[in-house]
Amino acid sequence: MVSGTTRTPHRSGAWPRACARRYSDRVGAPSPSYLGLGPVELRRRAEQALELLGPGCQVCPRFCKVDRRADGRGLCGIGRHPVVASAFPHFGEEDCLRGWRGSGTIFFSGCNLRCVFYQNWDISWHVRGEEMSAPRLAELMLELQAIGCHNLNWVTPEHVVPEILEAMPHALAGGLRLPIVYNTSAYDSLDSLRLLEGVVDIYMPDFKLWTRERARRYLKRADYPDVAKETIREMHRQVGDLVLDEHGLARRGLLLRHLVMPGLLDETEAILRWVAEELGPGTYVNLMSQYHVSGRAGRDGEYLEIARGLRRQEYEQALAVAEELGLRLDARSRSEGWALARAS
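Because the structure is a prediction, the values reported are computed rather than measured. (Residues numbered from 1 in each chain as written. Predicted model: local features only at pLDDT ≥ 70, side-chain atom pairs only at ≥ 80, totals over all residues. Heavy atoms only, no water.)

> Can you explain the overall build of the chain? Please cite residues and give values.
Summing up its helical and strand segments, the chain has eleven helices and ten strands in all. Here the chain holds 344 residues, and the buried ones make up 58% of them. Restricting to contacts in the chain with at least 6 residues of sequence separation, those with at least 24 account for 74%. As displayed, the chain has an accessible area near 13500 Å², and 50% of this comes from carbon and sulfur atoms. (Helix = DSSP H or I, 4+ residues; strand = E, 2+ residues; numbered from the N terminus. Buried < 20%, exposed > 50% of the residue type's maximum accessible area, 1.4 Å probe, protein only. Contact = heavy atoms within 4.5 Å. Areas by Shrake-Rupley, 256 points an atom, 1.4 Å probe, with all protein chains shown as cover.)

Right under this line is the structure:
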């Protein structure tokens, strides 16, 4: 059952192709990767991806034994068509994504993880929003472009890669010219990622936890760290280090996020050391400090060890590790910690 409404820029029917193209020409947008693939290859990729939906879904590492081609639903709660919870120009992303016109975010409902602390649990644990056909999803992408967004930002796309690829030929025919940001938990399948090579310009994985024990406790998937390491390597292989243009906007590459959590500094340090050693110090990292108590943390006496805010000293320790390793830190990583409270 799909409930709720989708926040979209506007609902005006099919977006005029000429308008979308005029916008692209006017701002002198760079050529995104998918233009080099062309419509024939995009349709071929979509056909291959749709085969992952069934008879036993292989879109993500859960490999649920459901046939999503027949609208069966696994843990993610999504069947044959994606559900969009909201779509709008987002000004809360990294500076290199939001720019001055916003990042064109499309929040997909459902999720293949069960993070107990997730701040968007209402749309990840529960399917809410508008179920969309491929043409409608393409139309939404074009609406965000026409508003003036700098990029398209697919948020929580891991479980709907086939449906996104199905929409891409329609969007291309309509004049889509924006760079694509793949905003993921890193719990992706390699099959899906390989079909996205040459489609995605900017991969933005959130590497959450390092140890299997804590991944089992907080994400409900003990294999998360192993999967994340494998998928982030693949993302980096495809696009390399993050490249910014003369305006400071991201154009291609890997932007890695990590949320520093209370009492879990050892997880943060292990992840940062792996990034520096495996991917190199040129990796662009946003060390996030905005953890707050949400989801199931602290509810009914559960997960009390993370049922508090992050302290400034904890964040400063994490920042010191990143700086010691020489990682390429997002500018906000050096300033956001000042908003945190010090331990009494």
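> Go over the nonpolar core with me, naming the residues and quoting the values.
Counting 95 residues, the largest nonpolar core has Ile106, Phe117, Met141 and Trp154 as its most contacted members. Judged by nonpolar contacts, the second largest core, of nine residues, contains Cys96, Val181, Leu242 and Leu255. (Core = buried A, V, L, I, M, F, W, Y, C linked by side-chain atoms within 4.5 Å.)

> Let's hear about the pattern of salt bridges: which residues, and what values?
Pairing between side chains of opposite charge can happen when the charged atoms of each approach one another. This model, assessed by the stated rule, comprises 28 salt bridges. For arginine 257, the salt bridge is made with glutamate 94, and the minimal N-O distance between the two is 2.8 Å. Residue arginine 257 is found in strand E8 (residues 250-259), and its partner glutamate 94 is found in the loop between strand E1 (83-90) and helix H3 (95-98); the two are separated by 163 residues along the sequence. Across the pair, glutamate 94 and arginine 257 agree in class, each one buried. (Salt bridge = Lys/Arg side-chain N within 4 Å of Asp/Glu carboxyl O.)

> Would you mind going over the pairing of strand E9 (residues 284-288) in detail, with residue names and values included?
Taken across its five residues, E9 has five buried, putting it largely inside the fold. The sheet contact formed by E8 and E9 spans five bridges and is parallel. Residue pairing across strands places leucine 255 opposite tyrosine 284, the latter belonging to E9. As a crossover connection, the stretch from E8 through helix H10 (residues 265-279) into E9 is right-handed. (Pairing = 2+ DSSP bridges. Right-handed = clockwise from strand over helix to strand, strands pointing away.)

> I'd love a proper account of the packing of aromatic side chains, names of residues and values included.
Scanning the model with the defined rule gives eight aromatic pairs in all. Considering the side-chain rings of phenylalanine 207 and tryptophan 210, the 6.1 Å spacing of their centres and the 40 degrees angle between planes classify their relative orientation as tilted. Judged by its relative accessible area of 0%, phenylalanine 207 falls in the buried class. With 6.2 Å between their ring centres and 55 degrees between their planes, tyrosine 218 and tyrosine 303 make a pair best called tilted. Taken together, the residues tyrosine 218 in helix H8 (residues 212-218) and tyrosine 303 in the loop between E9 and helix H11 (312-324) connect sequence positions 85 residues apart. Each member of the pair tyrosine 218 and tyrosine 303 is classed as buried. One aromatic cluster is present, formed by Tyr187, Phe207, Trp210, Tyr224 and Trp274 through successive ring pairs. Positioned above the aromatic ring of tryptophan 210 is the side chain of lysine 229, whose terminal nitrogen or guanidinium carbon lies 4.4 Å from the ring centre. (Phe/Tyr/Trp six-rings, centres within 6.5 Å; stacked < 30°, edge-to-face > 60°. Lys NZ or Arg CZ within 6 Å of the ring centre and 35° of its normal.)

> Run through unusual backbone geometry, naming residues and quoting values.
A cis amide bond, omega 15 degrees, links glycine 54 with the succeeding residue proline 55. One can find proline 55 in the loop between helix H2 (38-51) and E1. Although it is not a glycine, aspartate 71 sits at a positive phi angle of roughly 70 degrees. Along the chain, the position of aspartate 71 falls in the loop between H2 and E1. On the basis of relative accessibility, which here comes to 35%, the residue aspartate 71 falls in the partly exposed class. Unusually for a residue other than glycine, tyrosine 303 sits at a positive phi of about 50 degrees. Classification of tyrosine 303 as buried rests on a relative accessible area of 6%.

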